[in-house]
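# Reading the structure
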Amino acid sequence: ILNVEQSPQSLHVQEGDSTNFTCSFPSSNFYALHWYRWETAKSPEALFVMTLNGDEKKKGRISATLNTKEGYSYLYIKGSQPEDSATYLCAFMDTGRRALTFGSGTRLQVQP
Amino acid sequence: DSGVTQTPKHLITATGQRVTLRCSPRSGDLSVYWYQQSLDQGLQFLIQYYNGEERAKGNILERFSAQQFPDLHSELNLSSLELGDSALYFCASSPRTSGTDTQYFGPGTRLTVL
């Protein structure tokens, strides 16, 4: 069973704060790491697909980094806005299984 | 709107019954994935089809089966339903079968087993 851990479980920040959270995954047989944003009553929406060690991706105020050797990825949100409130999921894929294993997510609440 | 459609949106049924969930992928996508989101668990991968063929299998119970048709839509069949099968079932699609493809999720079907 693959272990994909996300921390913290939840986070409350004020509008304008910058924040970051962590996804930990097995450091062997890495194939890809996906980040998703999941708003309440909607479906998960893809943010990034990361494949190379040292990868950095950016989409507006959201960015992510990847360290496959030590098995972690960070997601950063700069200047959080209330519309950033959502659960952020990471999902790991190894070379053997070719299926996504999801973490349990970090629930972010941004207070205006 | 991801372009992936799922029907029905909600389904309420009784234990022991059988239901079929339907998914239409985004135009041009050949892969379809099924996921289950239970209250006490995260998103769990069930099964993947690529161009009509089963490609990968996850924690799918024997009571569950799926198929992908020539027009690429997919159906997930759940039989001998139990209370614990109550969950949100998502379908996702991607252009190919590569793990580096973005998966686009549909709106989900909420199944309630009474």
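Quick notes on the rules
Residues numbered from 1 in each chain as written. Chains lettered and ligands numbered in written order. Predicted model: local features only at pLDDT ≥ 70, side-chain atom pairs only at ≥ 80, totals over all residues. Heavy atoms only, no water. Helix = DSSP H or I, 4+ residues; strand = E, 2+ residues; numbered from the N terminus. Rg over C-alpha atoms; globule rule 2.2 N^0.38 Å. Buried < 20%, exposed > 50% of the residue type's maximum accessible area, 1.4 Å probe, protein only. Contact = heavy atoms within 4.5 Å. Areas by Shrake-Rupley, 256 points an atom, 1.4 Å probe, with all protein chains shown as cover. Lys, Arg positive; Asp, Glu negative; His and termini not counted. Charge placed at Lys NZ, Arg CZ, Asp CG, Glu CD. Phe/Tyr/Trp six-rings, centres within 6.5 Å; stacked < 30°, edge-to-face > 60°. Lys NZ or Arg CZ within 6 Å of the ring centre and 35° of its normal.

Right, let's get into the overall build of chain A. Counting its secondary structure elements, chain A contains zero helices and eleven strands. Reading the helices (α) and strands (β) of chain A from amino to carboxyl end gives β-β-β-β-β-β-β-β-β-β-β. Taking 112 residues into account, the globule formula puts the C-alpha radius of gyration at 13 Å, and chain A, at 13 Å, falls close to it. The 112 residues of chain A split such that 49% are buried. Look at the contacts in chain A between residues 6 or more apart in sequence, and 55% of them connect residues 24 or more apart. Roughly 5600 Å² of accessible area belongs to chain A as shown, and the carbon and sulfur atoms make up 44% of that amount. The averaged location of the 11 negative side-chain charges in chain A is 5 Å from the averaged location of its 11 positive side-chain charges.

So, about the packing of aromatic side chains. Within this structure, the stated rule accounts for 15 aromatic pairs over all chains. A network of ring pairs unites the aromatic residues Tyr-36, Trp-38 and Phe-102 of chain A together with Tyr-35, Phe-45, Phe-90 and Phe-105 of chain B as a single cluster. Taking NZ or CZ as reference, Arg-26 of chain B lies 3.7 Å from the ring centre of Tyr-104 of chain B, over its face.

Glycine aside, the phi torsion of most residues is negative, and most peptide linkages are trans. The omega angle of the peptide bond from Ser-7 of chain A to Pro-8 of chain A is -5°, so this bond is cis rather than trans. Along the chain, Pro-8 of chain A turns up in the loop between strand S1 (5-7) and strand S2 (10-14). The linkage connecting Thr-7 of chain B with the following residue, Pro-8 of chain B, adopts the cis geometry, with an omega of -10°. Along the chain, the position of Pro-8 of chain B falls in the loop between strand S1 (5-7) and strand S2 (10-13). With phi around 50°, Asn-51 of chain B is a residue other than glycine that occupies positive phi space. Mapping Asn-51 of chain B onto the fold places it in the loop between strand S5 (43-50) and strand S6 (53-57). Overall, the relative accessible area of 46% leaves Asn-51 of chain B in the partly exposed class. Look at Leu-72 of chain B: it is not a glycine, yet its phi comes out positive at around 80°.

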